[in-house]
Amino acid sequence: MMEEMGKDEQLGGADQYVQQANGALNEMHDVGQEDNLPGQMEEILAPLAEYNEEEEERKYYRRKRLGVIKNVVAASVAAMIVYSVYMGLLQMQLVLHHDSTYRDVKYSNLGLENIDQKMLMGINVTPIIGLLYTPTLIRFLGTKWMMFLASGIYALFVSTNYWERYYTLVPSAVAIGVAIVPLWASLGNYIIRMAQQYYEYVNYKDEHVQEQKKLPKGACHRYIIIFQSVFFIIFHLSIVFAELPMRLVLHSHLQNRSHVLFGVERCGASVAGLIPGFNTTLLTYLPRSMLLIEVESVLMGFAFLSMIIFLVLCGPAYRPTEEIDLRSIGWGNIFQLPFKHFRDYRLRLLCPFFIFSGFEVTFVFSEFTLNYGVCVLGIKELWLIIFVYGLSCSVFSSLSLSLLHVPKWTCLASGAFVHGALLVTLLAFSPNPKSPTGDEYLLPVLAIAVLWGLATALNKTSISIILGCLYAEEKERLDFVYTIYHWWQAISIFFIYLWANMPMRAKLSILLATLLLACYCYWVMERRLAKNERHRLPRIPRPRHKVKGYRYLEDYNSDESDSEKSVEDDEEEQDESNDEEHAAEEMGAQDREEGRDLQGEAAGAESPSARRRGHKGGDANRRMSM
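Residues numbered from 1 in each chain as written. Predicted model: local features only at pLDDT ≥ 70, side-chain atom pairs only at ≥ 80, totals over all residues. Heavy atoms only, no water.

Student: Talk me through the overall build of the protein chain; I want residue IDs and the actual numbers.
Tutor: Looking only at helices and strands, one finds 25 helices and 0 strands in the protein chain. Taken over 626 residues, the protein chain has a buried fraction of 48%. Surface summary for the protein chain: the accessible area is close to 31,900 Å², and the carbon and sulfur share equals 60%. (Helix = DSSP H or I, 4+ residues; strand = E, 2+ residues; numbered from the N terminus. Buried < 20%, exposed > 50% of the residue type's maximum accessible area, 1.4 Å probe, protein only. Areas by Shrake-Rupley, 256 points an atom, 1.4 Å probe, with all protein chains shown as cover.)

Written out as structure tokens, the structure reads:
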């Protein structure tokens with residue numbers, strides 16, 4: 001026992017010693033810790049002490065603004081590449097297929113001329129039905145993906161030229177006709193959306209921007225003018241680059257002027273059709289097949305480059321929640337709304353300008369360049385005429401920036417005046433194809449091309465800017481509005497295709513009459529706007545989500561905030577609430593009448609059996625309640 005007690009005392013002494021040692025060690029660790037605590041906290045939080053929330057927010061929105069500028073430039077460059085490839089390949093293809101030697105040697109029994117006619121028919125006729133499906137495609141795919149897929153269809157057209165057959169060329173041409181209206185409606189919508197986003201990023205501190213309210217009237221017009229001008233300055237370079245295959249590849253293979261114009265008797269305003277008597281042998285010798293394959297491969301590479309630019313460099317036009325709202329109004333409503341927008345007198349009065357815009361571009365590429373240019377200068381100067389016209393379009397598109405300081409009708413009226421003067425000049429201009437060299441007509445033809453480019457630039461940019469400014473605050477309507485614009489352009493291009501064999505003076509007269517009508521209608525529109533005459537806009541239904549996911553937990557939860565409700569939506573909700581109140585009152589009155597009828601029936605039941613049934617029912621109800 002004594003030994004055990006001695007061991008316990010030793011163990012207790014050892015534990016006490018360990019506790020004292022640990023305590024002393026802990027005291028040594030804690031020495032000065034409380035005194036240095038503020039210093040340690042300052043050392044830890046030193047990097048965060050210099051954080052400036054306002055400065056970081058400013059840097060964030062500056063990056064956002066640079067991203068918007070990148071989107072505009074990328075979309076413009078991609079569209080420019082797409083049309084450079086498309087127009088350059090189509091022009092080279094039509095020249096080769098017109099040559100009888102090329103047709104006989106390459107495809108003797110294929111009938112390339114007939115295929116060309118079917119191709120042009122597919123490109124020009126198919127867009128007529130574009131109004132039926134364009135808004136649905138844009139709402140279903142989204143603006144960015146619609147541009148990407150449309151550029152892919154143009155790349156498909158380039159790829160079919162590796163194997164020139166009826167079943168490759170014609171379906172791809174029809175596909176291009178299907179994609180024209182959606183591509184241009186998406187581009188117009190995209191540029192305006194970028195202007196709206198840029199305004200929001202510049203004025204991110206404003207209350208209406210933070211609450212995602214509708215933009216004030218005219219708030220983003222400045223950015224619409226700038227972005228549309230930048231787009232057309234870059235895009236019109238596609239006409240310039242489209243002439244590179246013609247100049248670098250086919251120019252050395254083309255016949256001289258005297259050979260191709262040997263059977264031509266008249267040019268200019270005195271002809272009917274396209275250069276009657278034009279020689280069918282345009283090539284001195286056939287280009288190597290491998291050379292054509294190499295050119296098509298280069299064009300194919302650029303077509304893929306445009307697709308990559310649309311996909312990678314172009315940001316989305318809408319936030320994901322906005323995309324959901326745009327689709328959830330119902331596909332039937334999306335289909336009907338383009339037709340309902342014709343109730344708006346502004347769009348109706350702008351339709352003649354839409355038609356003339358399609359007329360004048362197609363006319364300069366087909367009628368003017370052939371019947372006034374090639375008819376007197378020869379096929380070798382075709383690239384020069386179109387090159388000068390495209391360069392003029394690009395340079396003079398910058399004039400639309402003057403709309404920042406002058407009224408918006410100024411550029412459109414100036415372009416219409418130049419077009420009218422040129423149409424009157426062309427009515428009286430009939431160059432002589434039998435001239436020894438034709439050099440005396442070179443400067444007049446190029447001068448007309450430059451002036452026509454000036455008028456085209458003013459016309460295109462002004463119409464797009466005016467549409468954007470009229471509907472800038474209605475971002476859910478932009479795809480419908482630009483669909484209507486480019487659909488009317490497609491209709492006018494179809495008419496140009498139909499009148500190919502008409503006399504030139506009849507064509508010029510139609511263009512001049514359309515221009516005068518367009519100017520009058522635009523004047524009427526400006527008068528009605530100056531009087532603040534109310535325009536009718538079709539009601540766009542509010543999005544009604546059926547998804548019961550984490551984003552829509554409440555009954556009235558929607559991606560669109562209450563502050564974005566338009567006056568029409570408020571009126572609609574008020575009408576619905578009134579209808580519900582009336583329905584409730586009617587149901588209450590009906591219930592009261594039924595109650596009175598039941599009371600009357602109960603009072604009128606005099607038979608003992610009925611009274612007994614009533615007593616039994618009352619007793620049963622009391623037992624159930626107990």
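Student: Give a detailed account of the pattern of salt bridges, specifying residues and quantitative values.
Tutor: Side-chain pairs of opposite charge can arise whenever the charged atoms involved come near each other. Within this structure, the stated rule accounts for 12 salt bridges. Of the charged contacts, one joins R193 and E322 as a salt bridge, the two residues approaching to 3.6 Å between their closest N and O atoms. With R193 in helix α9 (residues 166–202) and E322 in helix α16 (residues 320–327), the pair connects residues that are 129 residues apart, well separated along the chain. We classify R193 as buried; its relative accessible area is 2%. E474 is paired through a salt bridge with R477; the nearest N and O atoms lie 3.3 Å apart. Classification of E474 as buried rests on a relative accessible area of 15%. Note on R477: relative accessible area 4%, which makes it buried. Salt bridges sharing partners connect three or more residues here, namely R193, R319, E322 and K475. (Salt bridge = Lys/Arg side-chain N within 4 Å of Asp/Glu carboxyl O.)

Student: With reference to specific residues and values, describe the nonpolar core.
Tutor: Among the nonpolar cores identified, the biggest contains 163 residues, and Y83, F310, F368, L426 and L467 are the most heavily contacted of them. Core analysis: the next-biggest nonpolar cluster, separate from the first, contains 5 residues, I334, L337, F480 and I540 among them. (Core = buried A, V, L, I, M, F, W, Y, C linked by side-chain atoms within 4.5 Å.)

Student: Tell me about the packing of aromatic side chains, and name the residues and values.
Tutor: One pair of aromatic rings is described through two measures. These are the centre distance and the angle between the planes. By the definition in use, this model includes 31 aromatic pairs. Ring centres 5.2 Å apart and planes at 85 degrees place the aromatic pair Y86 and Y154 in the edge-to-face group. Of this pair, Y86 sits in helix α4 (residues 53–98) while Y154 sits in helix α8 (residues 143–160), and the two are 68 residues apart along the sequence. Of the residues examined, Y86 reaches a relative accessible area of 8% and is grouped as buried. Owing to a relative accessible area of 3%, Y154 belongs among the buried residues under this scheme. An angle of 85 degrees between the planes, with centres 6.2 Å apart, marks the rings of F353 and Y522 as edge-to-face. A residue pair is termed long-range when its members are at least 10 positions apart, and F353 in helix α18 (residues 345–377) and Y522 in helix α23 (residues 504–530) qualify at 169 residues. Each member of the pair, F353 together with Y522, is buried. (Phe/Tyr/Trp six-rings, centres within 6.5 Å; stacked < 30°, edge-to-face > 60°.)

Student: Run through the packing of α8 against α9, naming residues and quoting values.
Tutor: Across the interface, α8 lies against α9 with an axial gap of 8 Å and an inter-helix angle of 155 degrees. The angle between α8 and α9 falls in the class roughly antiparallel. For the pair α8 and α9, the crossing hand works out as left-handed. Each residue belonging to the contact of α8 with α9 can be placed in one class, and the counts come to 16 nonpolar, 6 polar and no charged. (Axes fitted to C-alpha atoms, helices over the stretch in contact; angles between N-to-C directions. Parallel < 35°, antiparallel > 145°, perpendicular 65-115°, else oblique. Left-handed = near helix turned anticlockwise from the far one by under 90°. Nonpolar A, V, L, I, M, F, W, Y, C, P; charged D, E, K, R; others polar.)

Student: So what about helix α22 (residues 478–498)? Which residues, and what values?
Tutor: With 21 residues, α22 ought to run about 30 Å at 1.5 Å a step, and its terminal C-alpha atoms sit 31 Å apart, in line with that. With respect to burial, α22 is a largely interior element, 17 of its 21 residues being buried. (Expected span 1.5 Å × (residues − 1).)

Student: Explain the state of the cysteines residue by residue, including any values.
Tutor: Applying the stated criterion across every chain yields a total of 1 disulfide. The disulfide bridge from C267 ends at C375, spanning 1.8 Å between sulfur atoms. Judged by the sign of its S-S torsion, about -85 degrees, the cystine formed by C267 and C375 is left-handed. Remark: C375 occurs in helix α18 and C267 occurs in the loop between α14 (257–260) and α15 (289–313); sequence separation between them is 108 residues. Accessibility assignment for this pair places C267 and C375 in one class, buried. With no disulfide of its own, C519 lies closest to C521 among cysteine sulfurs, the gap being 9.5 Å. By relative accessible area, C519 is classed as partly exposed at 31%. (Disulfide = S-S within 2.5 Å.)

Student: I'd like to hear about the side chain of D479, residue by residue, with values.
Tutor: Tracing the backbone shows D479 in helix α22. Of the residues examined, D479 reaches a relative accessible area of 2% and is grouped as buried.

Student: Got a sec to walk through the environment of Q91? Specific residues and values, please.
Tutor: Topologically, Q91 is positioned in helix α4. Residue classification places Q91 among the buried positions, given a relative accessible area of 11%. Taking the C-alpha atoms as reference, Q91 lies 8.4 Å from A242; in sequence the two are 151 residues apart. Those residues in contact with Q91 that lie beyond four places of it in its chain are A242, E243, M246, L382 and I386. Of note is the side chain of Q91, whose polar atom sits 3.2 Å from the side chain of E243. (Contact = heavy atoms within 4.5 Å. Polar contact = N/O pair within 3.5 Å; in protein donor to acceptor, adjacent residues only side chain to side chain.)

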